[in-house]
Amino acid sequence: MARDDDTLVQLLTPDGERVDRAVGPDGVEYSVDLTDDEYRGFYRDLVTVRRLDAEATALQRQGELGIWASLLGQEAAQVGSGRALRPKDMVFPTYREHGVLYCRGIDPIMPLSLFRGVDQGAWDPHETRCGMYTIVIGAQTLHATGYAMGITMDGKVGGDDGEAAIAYFGDGATSQGDVNEAFIWSAVYTAPVVFFCQNNQYAISEPIERQTRVPLYQRAAGFGFPGVRVDGNDVLASYAVTRHALDHARSGQGPTLIEAFTYRMGAHTTSDDPSRYRPPAEAEAWRSRDPIARLAAFLRKQQIADDSFFAEVDEQAKAEAVHLRERVLAIPDPAPDSIFENVYPHGSPLLDGERARFNAYRQSFEGSAH
Amino acid sequence: MATEVLTLGKALNTGLRRALDRDPKVVIMGEDVGKLGGVFRITDGLQKDFGENRVIDTPLAESGIIGTAVGLALRGYRPVCEIQFDGFVYPAYDQIVSQVAKMHYRSRGMVRLPIVIRIPFGGGIGAVEHHSESPEAYFAHTPGLKVVTCSNPADGHTMIQQAIASDDPIVFLEPKRRYWEKGEVDAEAEAYPLHSARVARPGTDVTVVAYGPMVRTALDAATAAAEDGRELEVIDLRSLSPLDLGPVHESVRRTGRCVVVHEAPSNVGLGAEIAARVTEECFYSLESPVLRVTGFNTPYPAARVEEEYLPDLDRVLDAVDRTYGW
Ligand SMILES: Cc1ncc(C[n+]2csc(CCOP(=O)(O)OP(=O)(O)O)c2C)c(N)n1
């Protein structure tokens, strides 16, 4: 396990001890000061996104989803960073950011529709301030950079109404040309963008050693902006580091690369077989760093929450999951000729003709056993 | 015993293994091709037997995979690159089209790039977007590249070995939805030359031209048509660039009717090229225009409607019927 704990910003130990402040490799001192309610809120988010994720995995196993990319193990990185965002900030996710979407207030059925194959993940990026899922690795980092350049051009940096963009991607993505181009562009244009890399140690079967010989956060230095490595299983540190990087961006100081050091507890997707490339002991070792258990330990020790709270959160998460399941099963299949919609904003003669012939052809089967 | 029954996936795996065995300069490279054996397991077990220098897990960077293959080829290697899915070849598109395709020409023949670019292509497996594309026309349109596709295990087994042995850069398209279909593979059988089409089923009434995943569909249509007394001749193109249209012309001169089937959109696609050439060569034999049955001119749709998008047996038969309407 490639670990470099000295550099890891951590505000909550795996045993649930609060660390008052931690200095990152960027020289910044990080801390959080949350109310009890906020601590409980983080816990509720973590449990809920894990429960919804588990439901989606179950739905896939039952043939209701074509495939599912689970976030199991990465809840803290996603909830911590997601809760650090302000409403006006813009999110550019990849395909595993269900927890970020949840924090963004996006109906959890949205990504499920995509993985069920009824649509391609069409939530409204303008209204939700969250881009659609990006499957081509790394492409969204350039979109985030361009969006951030637009923020600067609109004069929305440096003041109280400052905005920022955040791009999510994995450790594997850092090898892509697009990601490296995004680093260059954002640096030279001082774009208000945060690069949030969830280093979950694997790109499908390939360990992090196949993507890099230096800790990923150190890459930032070569591009000319700060890089910081945070304990991605620590929701408080993930929150603090992301909040700082966003503030840094929106105040006009340019990009930051955050490497959230975490672990993908499950398979890459439901089509994957990690037993081919991952020693079981490795996942075991990471289990002791579980993001939910450690926050629970802290809440108990500090008497911020008691049994009834934990039971109530579990109940509520379960109810949300059941509700989600019912709705997924009720999603209708798209109308056959919907495939011709939205290819162009104003249609096209080629497609109009094709659609008419398609419908006539389908009607020719009407009444037959087809 | 030279004949075995294998799936297309296993036939390709066996072909790759034989190529690695035969020539120490052959290297396989791509994402997850090593320990995992590729997401479709086409390279299963090869790293274990040939080592990490022959079967190379690469960083997650397609431009890098093809760009470094160029350098390896300059150094005397024969790289076989795996692109994980059709929709992920585009980050490498610049390297393929601007570099790989042109170097032999630019160097007046001094540089040869015996690179094979394997791409699982086409739909029918219910995947999410970017996992079901048919990019063949982009590559077939590019001078300097050759493009081939297999439709069955026997061809998969020989064609991959022929492609690796070839000095040309070859885009090798694998019909992913046929990976699990079985067929006889005879390692000792005499192989067709790589760039030749093949009559997959002889017939007298209509020539159906297909390749890759659609060959099975065309054959099924021919079986159905036979029950109605129509004999379709199915031609499997195998090579998309260069096209071997000799057998197609010969067939159309007999049948007088021609239907071209592919999954890719029709607009500026291979069907248009084939229809034009058949029309030029067989004009006086044709009883009706050459018809195309293709995917629609939309992005590949969501999985729940992909059956509407993909040409199926009924659409092929419908086109066959229409050729009788003139
Ligand atoms: C350009 C491109 N190449 C290949 C793939 C296939 N693929 C999907 S996810 C993945 C691994 C990504 O790993 P990483 O960036 O570490 O993110 P993670 O899934 O681990 O969160 C690969 C190779 C893809 N989606 N896009």
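Residues numbered from 1 in each chain as written. Chains lettered and ligands numbered in written order. Predicted model: local features only at pLDDT ≥ 70, side-chain atom pairs only at ≥ 80, totals over all residues. Heavy atoms only, no water.

An unreviewed UniProt entry lists chain B under the name Pyruvate dehydrogenase E1 component beta subunit, with Catenuloplanes nepalensis given as the organism. Entered under Cofactor (unreviewed entry) in the UniProt record, the comment concerning chain B runs "thiamine diphosphate". (UniProt positions renumbered as here; feature names shortened; annotations may be inferred.)

Going by what an unreviewed UniProt entry lists, chain A is known as Pyruvate dehydrogenase E1 component alpha subunit and is assigned to Catenuloplanes nepalensis. According to its UniProt record, chain A has this under Cofactor (unreviewed entry): "thiamine diphosphate".

When helices and strands are tallied, chain A shows 13 helices and 10 strands. The C-alpha atoms of chain A give a radius of gyration of 22 Å, which matches the 21 Å a tight globule of 370 residues would have. The buried share of chain A, taken over its 370 residues, is 56%. Of the contacts formed within chain A by residues at least 6 apart in sequence, a portion of 73% connects residues at least 24 apart. For chain A, the exposed area adds up to about 15300 Å²; of that, 50% sits on carbon and sulfur atoms. With 36 positive and 54 negative side-chain charges, chain A shows a spacing of 2 Å between the two charge centroids. (Helix = DSSP H or I, 4+ residues; strand = E, 2+ residues; numbered from the N terminus. Rg over C-alpha atoms; globule rule 2.2 N^0.38 Å. Buried < 20%, exposed > 50% of the residue type's maximum accessible area, 1.4 Å probe, protein only. Contact = heavy atoms within 4.5 Å. Areas by Shrake-Rupley, 256 points an atom, 1.4 Å probe, with all protein chains shown as cover. Lys, Arg positive; Asp, Glu negative; His and termini not counted. Charge placed at Lys NZ, Arg CZ, Asp CG, Glu CD.)

With that settled, the discussion passes to the pattern of salt bridges. All names here are of chain A. Taken as a whole and judged by the stated rule, the model has 49 salt bridges over all chains. Of the charged contacts in the structure, one is a salt bridge between E259 and R229, with a shortest N-O distance of 3.1 Å. Of the two residues, E259 is situated in strand β10 (residues 256-261) and R229 in strand β9 (residues 227-231); the sequence distance between them amounts to 30 residues. The same class applies to E259 as to R229, namely buried. Across the pair R294 and D231 runs a salt bridge whose closest N-O atoms are separated by 3.1 Å. Of the two residues, R294 sits in helix α11 (residues 291-301) while D231 sits in strand β9, which places them 63 residues apart along the sequence. (Salt bridge = Lys/Arg side-chain N within 4 Å of Asp/Glu carboxyl O.)

Residues and elements named next belong to chain A. Together, I184, W185, V188 and Y189 make up an exposed nonpolar region whose accessible area comes to about 430 Å². Looking at the secondary structure, you find I184 in helix α7 (residues 177-188). On the basis of relative accessible area, I184 is assigned to the partly exposed category, the value being 44%. (Patch = residues over 30% accessible without salt bridge, like charges linked within 9 Å, V, L, I, M, F, W, Y side chains within 5 Å.)

With that settled, consider the nonpolar core. Ranked by internal contacts, the top residues of the largest apolar core, which has 171 residues, are Y43 and L299 of chain A. Not counting residues within four places of it along the chain, the set of residues in contact with Y43 of chain A comprises I292, L295, A296, L299, F309, F310 and V313 of chain A. Of all hydrophobic cores here, the second largest spans 20 residues; its members include V206, A218, L219 and V316 of chain B. (Core = buried A, V, L, I, M, F, W, Y, C linked by side-chain atoms within 4.5 Å.)

This next bit is on the sheet that holds strand β9 (residues 198-201) of chain B. Residues and elements named next belong to chain B. Taken in spatial order, the five strands make up an open sheet running β9-β11-β10-β13-β14, and their pairing is mixed. Looking at strand neighbours, the two that pair on one side only are β9 and β14 (291-295), the edges of this open sheet. Neighbour-to-neighbour, the strand axes of this sheet turn through a mean angle of 25°, independent of strand direction. Looking at chain direction, strand β10 (residues 206-210) and strand β13 (residues 258-265) are connected through three bridges and run parallel. Bridging from a neighbouring strand, V209 pairs with V260 of β13. Along the sheet face, helix α10 (residues 270-282) touches β13 and β14 and points at about 160° away from the line of β13. (Pairing = 2+ DSSP bridges. Axes fitted to C-alpha atoms, helices over the stretch in contact; angles between N-to-C directions.)

What follows covers the side chain of D86 of chain B. Residue and element names in this part refer to chain B. By secondary structure assignment, the location of D86 is in the loop between β4 (78-82) and α4 (93-100). Look at D86 and you get buried, because its relative accessible area is 0%. In this structure the side chain of D86 is engaged in a polar contact, spanning 2.6 Å, whose partner is the side chain of K176. Dropping the residues within four chain positions of it, D86 is found in contact with I119, P120, F121, G122, H130, H131, S132, E133, P135 and K176. (Polar contact = N/O pair within 3.5 Å; in protein donor to acceptor, adjacent residues only side chain to side chain.)

Quick look at the UniProt feature "domain: Transketolase-like pyrimidine-binding" (unreviewed entry) in chain B now. Within this numbering scheme, the UniProt entry marks residues 6-181 of chain B as carrying the feature "domain: Transketolase-like pyrimidine-binding" (unreviewed entry). Along residues 6-181 of chain B the backbone is 36% helical and 18% strand, and the end-to-end C-alpha distance reaches 8 Å.

What follows covers the sheet that holds strand β1 (residues 8-9) of chain A. One open sheet accounts for six strands, arranged β1-β9-β10-β6-β5-β4 (chain A); its pairing is parallel. Unpaired on one side and paired on the other, β1 and β4 (90-92) of chain A mark the two borders of the sheet.

This part covers the layout of surface pockets. It is a probe the size of a water molecule, rolled over the atoms, that shows where empty space is left. The volume enclosed by the largest pocket comes to roughly 950 Å³. Contributing elements (two or more residues each) for the lining of the largest pocket: β5 (165-170) and β7 (202-203) of chain A. The class makeup of the residues in the lining of the largest pocket is 23 nonpolar, 16 polar and 10 charged. What lines the second largest pocket is a set of 18 residues, and nearest its centre among them are E354 and R357 of chain A together with R292, F296 and R322 of chain B. Within the residue set of the lining of the second largest pocket, elements represented by two or more residues are α13 (349-363) of chain A together with β14 and α12 (313-323) of chain B. Classifying every residue of the lining of the second largest pocket gives seven nonpolar, five polar and six charged. (1 Å grid on protein atoms, 1.4 Å probe; cavity = no way out; pocket = protein on both sides within 12 Å on 5 of 7 lines; lining within 4 Å. Points joined across faces, edges and corners; volume = space filled by probe spheres on them. Nonpolar A, V, L, I, M, F, W, Y, C, P; charged D, E, K, R; others polar.)

For the rest of this paragraph, the subject is the pairing of strand β2 (residues 26-30) of chain B. Residues and elements named next belong to chain B. The buried fraction of β2 amounts to five of the five residues, a majority that puts the element mostly inside the structure. Examined bridge by bridge, β2 and β4 share five bridges and lie parallel to one another. Directly across from V26, in β4, lies its bridge partner R78.

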